[in-house]
Amino acid sequence: MQISSKLPNVGITIFTKMSKMALEYGAINLSQGFPDFDVAPDLIDRVHHYMKSGMNQYAPMPGVPALREAIANKTEQCYGYKPNVDTEITVTCGAIEAIHSSISALVSAGEEVIIMDPAYDAYQPIIELQGAKAVRVPLTSAYAINWQSVAEAVTPQTKMILINSPHNPSGAIISEEDLAALEEITAGTEILVLSDEVYEHIVFDGEMHQSVFKSEKLRKRCVVTASFGKTFHATGWRMGYLIAPEVLTTEIRKVHQFNTFTIHTPTQYALADYLQNPATYEAVAKMYQQKRDYFLKAMKPSKFKPIPSNGTYFQLMDYSAISDKGDIEFAEWLTKEVGVAAIPTSVFYADGRDNKVLRFCFAKHEDTLKAAAEKLCAL
Ligand code: GLN
């Protein structure tokens, strides 16, 4: 049968590819972003508790009220804005469902969405599935947003601007000035903002995460997507959520209800309990900063050149002093011959630009990072 592909240029993701290769060659896997340490026993106990107490049927479509209430309180505590529990918060199957359902609900064929370049691999295909166009605006060499270029990319077809801070793959974070620039560009327009903030609690060196919620002006036009998988190192649980004004949420829920409908009930109750203690998410930045610093120190004798990471659990490394190979070829060679898997960053660029930079995930035990660094230092 001849199928005309809706995504002719999309294959399996680089994360699936590199994790599979790491497994095949027995390499230390610093490629796909997931922790190799476990979820807090307390949280696991809460899930078990709710499973045993009969919370095993469909949750309400937007999410269980206790979890939405806890999310509202957390948002207020972190960013000074309390979203409406009933009309603005929706629990989703990972942040990717939040992103997919939001773009599907809000972006139509022929419209344009501005995304940055490099960008997380999922954004463009999801936009294109709507028959819409992804307009990519290059980040600066320090992975900052060039607002002048964003302003120039706006056309009458621009429906949405998608930002991602802390940024995957670079680890760059936005500042208050970035929020002000975004306010200015969108003022007096109908442009929506999708702010992918899944690494909100992984920000380093005393910096603050600049959520769009901090801006009263942006809040009105923003969908924010968030991830319990990232914050509580439970990427396999697929627990995310989105927050958006009621007019947007109403439309997004129309898609969500026919997409995943509802999310795993006992885990929602467990997270609602767990969020009562802010220390659970406040401790995450320090834990990852220690890991980042440990990895950087262990890599110091190597020929890899680190590119500063202010957030996320990723560290970019320039390998141009080691090899002339293209980054995909180098990442494959590293996995097979050296025994460490990483992500080539060219895949995040529209034109596949090869800066000879790899992304390493440091969400790992120190022993894992040490073993990887030893191999990488030998190069
Ligand atoms: N977000 C993860 C990363 O950047 C990947 C998730 C996935 O494999 N789709 O590594």
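What counts as what
Residues numbered from 1 in each chain as written. Predicted model: local features only at pLDDT ≥ 70, side-chain atom pairs only at ≥ 80, totals over all residues. Heavy atoms only, no water. UniProt positions renumbered as here; feature names shortened; annotations may be inferred. Helix = DSSP H or I, 4+ residues; strand = E, 2+ residues; numbered from the N terminus. Rg over C-alpha atoms; globule rule 2.2 N^0.38 Å. Buried < 20%, exposed > 50% of the residue type's maximum accessible area, 1.4 Å probe, protein only. Contact = heavy atoms within 4.5 Å. Areas by Shrake-Rupley, 256 points an atom, 1.4 Å probe, with all protein chains shown as cover. Lys, Arg positive; Asp, Glu negative; His and termini not counted. Charge placed at Lys NZ, Arg CZ, Asp CG, Glu CD. Pairing = 2+ DSSP bridges. Axes fitted to C-alpha atoms, helices over the stretch in contact; angles between N-to-C directions. Near = heavy atom within 4 Å. Polar contact = N/O pair within 3.5 Å; in protein donor to acceptor, adjacent residues only side chain to side chain. Nonpolar A, V, L, I, M, F, W, Y, C, P; charged D, E, K, R; others polar. Expected span 1.5 Å × (residues − 1). Arc of directions from axis to C-beta. Phe/Tyr/Trp six-rings, centres within 6.5 Å; stacked < 30°, edge-to-face > 60°. Lys NZ or Arg CZ within 6 Å of the ring centre and 35° of its normal.

- As recorded by an unreviewed UniProt entry, the chain carries the name 2-keto-4-methylthiobutyrate aminotransferase apoenzyme and is attributed to Roseivirga pacifica.
- Its UniProt record, at the heading Cofactor (unreviewed entry), says of the chain: "pyridoxal 5'-phosphate".
- Taken from UniProt, the Sequence similarities (unreviewed entry) comment for the chain reads in full: "Belongs to the class-I pyridoxal-phosphate-dependent aminotransferase family."

### Regarding the overall build of the chain
Phase 1 of the analysis: Across its full length, the chain carries 15 helices and 13 strands.
Phase 2 of the analysis: For the chain, the C-alpha radius of gyration of 20 Å lies close to 21 Å, the compact-globule estimate for 379 residues.
Phase 3 of the analysis: Buried residues in the chain amount to 54% of all 379 residues.
Phase 4 of the analysis: For the chain, restricting intrachain contacts to residue pairs at least 6 apart in sequence, the fraction spanning at least 24 positions comes to 74%.
Phase 5 of the analysis: Surface exposure of the chain reaches about 16,400 Å², of which carbon and sulfur atoms provide 51%.
Phase 6 of the analysis: Charge separation in the chain, taken as the distance between the mean sites of 35 positive and 44 negative side-chain charges, equals 3 Å.

### Here's the deal with the sheet that holds strand β4 (residues 133-138)
Phase 1 of the analysis: Strand order in the open sheet made by the 7 strands is β2-β8-β7-β6-β5-β3-β4, with mixed pairing throughout. With partners counted over all chains shown, the strands left at the sheet margins are β2 (89-93) and β4, one partner each. Taking each pair of neighbouring strands and ignoring which way they run, the sheet shows an average axis angle of 25°.
Phase 2 of the analysis: In this structure, strand β3 (residues 112-117) lies alongside β4, joined through 6 bridges in parallel fashion. When the sheet's bridge partners are listed, glutamate 112 is paired in β4 with lysine 133.

### A few points about the site of the ligand
Phase 1 of the analysis: Neighbouring the ligand are the residues Phe15, Gln32, Gly33, Tyr120, Asn168, Tyr199, Phe314 and Arg359.
Phase 2 of the analysis: For the ligand, an oxygen atom lies 2.6 Å from a polar atom in the backbone of glycine 33.
Phase 3 of the analysis: The side chain of asparagine 168 places a nitrogen or oxygen atom 2.8 Å from an oxygen atom of the ligand.
Phase 4 of the analysis: Residue composition of the shell around the ligand, grouped by class: 4 nonpolar, 3 polar and 1 charged.

### A short note on the environment of glycine 326
Phase 1 of the analysis: Within the fold, glycine 326 resides in the loop between β10 (314-318) and α14 (327-338).
Phase 2 of the analysis: When its relative accessible area of 24% is taken as the criterion, glycine 326 is described as partly exposed.

### What about the pairing of strand β13 (residues 357-361)?
Phase 1 of the analysis: Among the 5 residues that make up β13, 5 are buried, leaving the element largely enclosed by the rest of the structure.
Phase 2 of the analysis: Residues Val357, Arg359 and Cys361 of β13 are buried on one face, and the alternating residues Leu358 and Phe360, pointing to the opposite face, are buried as well.
Phase 3 of the analysis: Bridge count for β10 against β13 is 5 bridges, and the pairing is antiparallel. Within the sheet, the bridge partner assigned to leucine 316 lies in β13 and is arginine 359.
Phase 4 of the analysis: As defined by bridge partners, strand β12 (residues 343-344) adjoins β13 across 2 bridges and the pair is classed as antiparallel. Note that in β13 the partner of isoleucine 343 across the bridge is arginine 359.

### What about helix α2 (residues 41-52)?
Phase 1 of the analysis: The end-to-end C-alpha distance of α2 is 16 Å, a good match for the 16 Å that 12 residues give at a rise of 1.5 Å each.
Phase 2 of the analysis: By the burial criterion, the buried members of α2 are Leu43, Val47 and Tyr50. Projected onto a plane normal to the axis of α2, the buried residues spread over an arc of 70° and lie on a single side. Opposite the buried face of α2, at more than 90 degrees from it, the exposed residues are Pro41, Asp42 and Lys52.
Phase 3 of the analysis: Taken together, the buried residues of α2 touch α11 (265-274).
Phase 4 of the analysis: Positioned one or two residues after α2, glycine 54 has a phi angle of 90°, which is positive.

### Some details on the sheet that holds strand β9 (residues 305-307)
Phase 1 of the analysis: The 4 strands are arranged β9-β10-β13-β12 in an open sheet whose pairing can be described as antiparallel. Among the strands making up the open sheet, the edge pair consists of β9 and β12.
Phase 2 of the analysis: Strand direction decides the pairing type here: β9 and β10, joined by 3 bridges, are antiparallel. Within β10, the position partnered with proline 306 by the bridge is methionine 317.
Phase 3 of the analysis: In the packing of helix α13 (residues 284-299) onto the sheet, contacts are made with β9, β10 and β13, and the angle to β10 comes to roughly 20°.

### What about the packing of aromatic side chains?
What characterises a pair of aromatic rings is the spacing of the ring centres plus the angle enclosed by the ring planes.
Phase 1 of the analysis: Under the definition given, this model contains 21 aromatic pairs.
Phase 2 of the analysis: Look at phenylalanine 295 and phenylalanine 360: their rings are 5.9 Å apart centre to centre, the planes differ by 50°, and that puts the pair in the tilted class. A residue pair is termed long-range when its members are at least 10 positions apart, and phenylalanine 295 in helix α13 and phenylalanine 360 in strand β13 qualify at 65 residues.
Phase 3 of the analysis: Ring plane angle 90° and centroid distance 5.8 Å describe the contact between phenylalanine 304 and phenylalanine 360, whose orientation is recorded as edge-to-face. Of the two residues, phenylalanine 304 is situated in the loop between α13 and β9 and phenylalanine 360 in strand β13; the sequence distance between them amounts to 56 residues.
Phase 4 of the analysis: Classification of phenylalanine 304 as buried rests on a relative accessible area of 5%.
Phase 5 of the analysis: Over the ring of phenylalanine 314 we find arginine 359; its NZ or CZ atom is 3.5 Å from the centre of that ring.
Phase 6 of the analysis: Lying over the aromatic face of phenylalanine 34, lysine 364 brings its terminal NZ or CZ to 4.0 Å of the ring centre.

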